[in-house]
Amino acid sequence: MNLMFLGAPGAGKGTQAEVISDHYRIPSISTGVLLREAKERGTELGLRAKTYMEAGQLVPDEIVVGMLKERLSAPDCANGFILDGFPRTVPQAEVLDKMGVSMDLVISIEVRDEAIVERMSGRSLCASCGASYHTKFKPSAKPGVCDRCGGELKVRADDKPEVVQSRLTVYHEQTEPLKDFYEKKGKLFLVNGEGAIEDITAAITEAIDKVKG
Ligand code: AP5
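Residues numbered from 1 in each chain as written. Predicted model: local features only at pLDDT ≥ 70, side-chain atom pairs only at ≥ 80, totals over all residues. Heavy atoms only, no water.

A. Looking closely at helix H6 (residues 113–121). What H6 keeps buried is the set Ala115, Ile116, Arg119 and Met120. Along H6, the residues classed as buried sweep out an arc of 135 degrees about the axis, all on the same side. Projecting away from the buried face of H6 at angles above 90 degrees are the exposed residues Glu114 and Ser121. (Buried < 20%, exposed > 50% of the residue type's maximum accessible area, 1.4 Å probe, protein only. Helix = DSSP H or I, 4+ residues; strand = E, 2+ residues; numbered from the N terminus. Arc of directions from axis to C-beta.)

Here it is as structure tokens:
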């Protein structure tokens, strides 16, 4: 079962991917997480990516595509995976096609830009496992500590309001055309991303179970 999450920055891709990954026991692969890990480790690619990420721009394909290919070749991807944040452009989707990687379902989480700005202002992420929290909508049991692994919660450098605005512009111009790309392949499922996290998960699992048969 190969799944993909599309959606604006902060639409809830990571939040839903985490639950769906546990439910179907397939790994969730986020290019944003891979890039942030490379940045934290101070690798050459990570440091090159940092400038683009902190400006809310897409990181060049020569950096992202290699990281994704390496991750997809790991043994835990053999029975399927969830892509979160890749592809971001039609050329990146064509890379997947050329690799012979096809999707069973592409889930686009639909959230209005106004709601995105509110979500980003309260978000924190676990520095160890990448789990996502929100001060109002999804607080951790103990402030500043991850419920899953006990890691430290941090605010992302690209969640500043002006950077969020550029990320939204990039999303509408470069990523949203992917909905059309996957609609034409008959793989697209749109889900309303505004509402309780559990209700959105229920709508997504129902769609996945229909495809699984
Ligand atoms: P990436 O890390 O992928 O960020 P993003 O796509 O902008 O998405 P986010 O992680 O910000 O949001 P999300 O949709 O996962 O939302 P979340 O679940 O956290 O990419 C970062 C950067 O890396 C990019 O800008 C780019 O520079 C680079 N990059 C990555 N991939 C790339 C690629 N393929 N090519 C080139 N460059 C690439 O939820 C957000 C908040 O809302 C959380 O606090 C959460 O708790 C809360 N929340 C979730 N659901 C709900 C709900 N239903 N109601 C209320 N609150 C909710």
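Now that the structure has been shown, the text picks up again.
B. Region of interest: the side chain of Arg36. Along the chain, the position of Arg36 falls in helix H2 (residues 31–41). Despite its burial, Arg36 pairs with no opposite charge, the nearest such side chain being Asp158 at 4.8 Å. When neighbours within four sequence positions are excluded, Arg36 is seen to be in contact with Met53, Leu125 and Arg156. (Lys, Arg positive; Asp, Glu negative; His and termini not counted. Salt bridge = Lys/Arg side-chain N within 4 Å of Asp/Glu carboxyl O. Contact = heavy atoms within 4.5 Å.)

C. Focus on the nonpolar core. Core analysis: the largest hydrophobic core is formed by 29 residues, its most contacted members being Leu72, Leu83 and Leu96. Ranked by the residues each element gives to this core, the list is headed by helix H4 (residues 61–72), at six residues. In contact with Leu83, not counting residues within four places along its chain, are Leu3, Met4, Phe5, Ile29, Leu68, Leu72, Leu96 and Met103. Ile20, Leu105, Met120 and Tyr171 belong to the second largest nonpolar core, which has 24 residues in total. (Core = buried A, V, L, I, M, F, W, Y, C linked by side-chain atoms within 4.5 Å.)

Bear in mind that shape data such as this cannot, by itself, settle questions of function.
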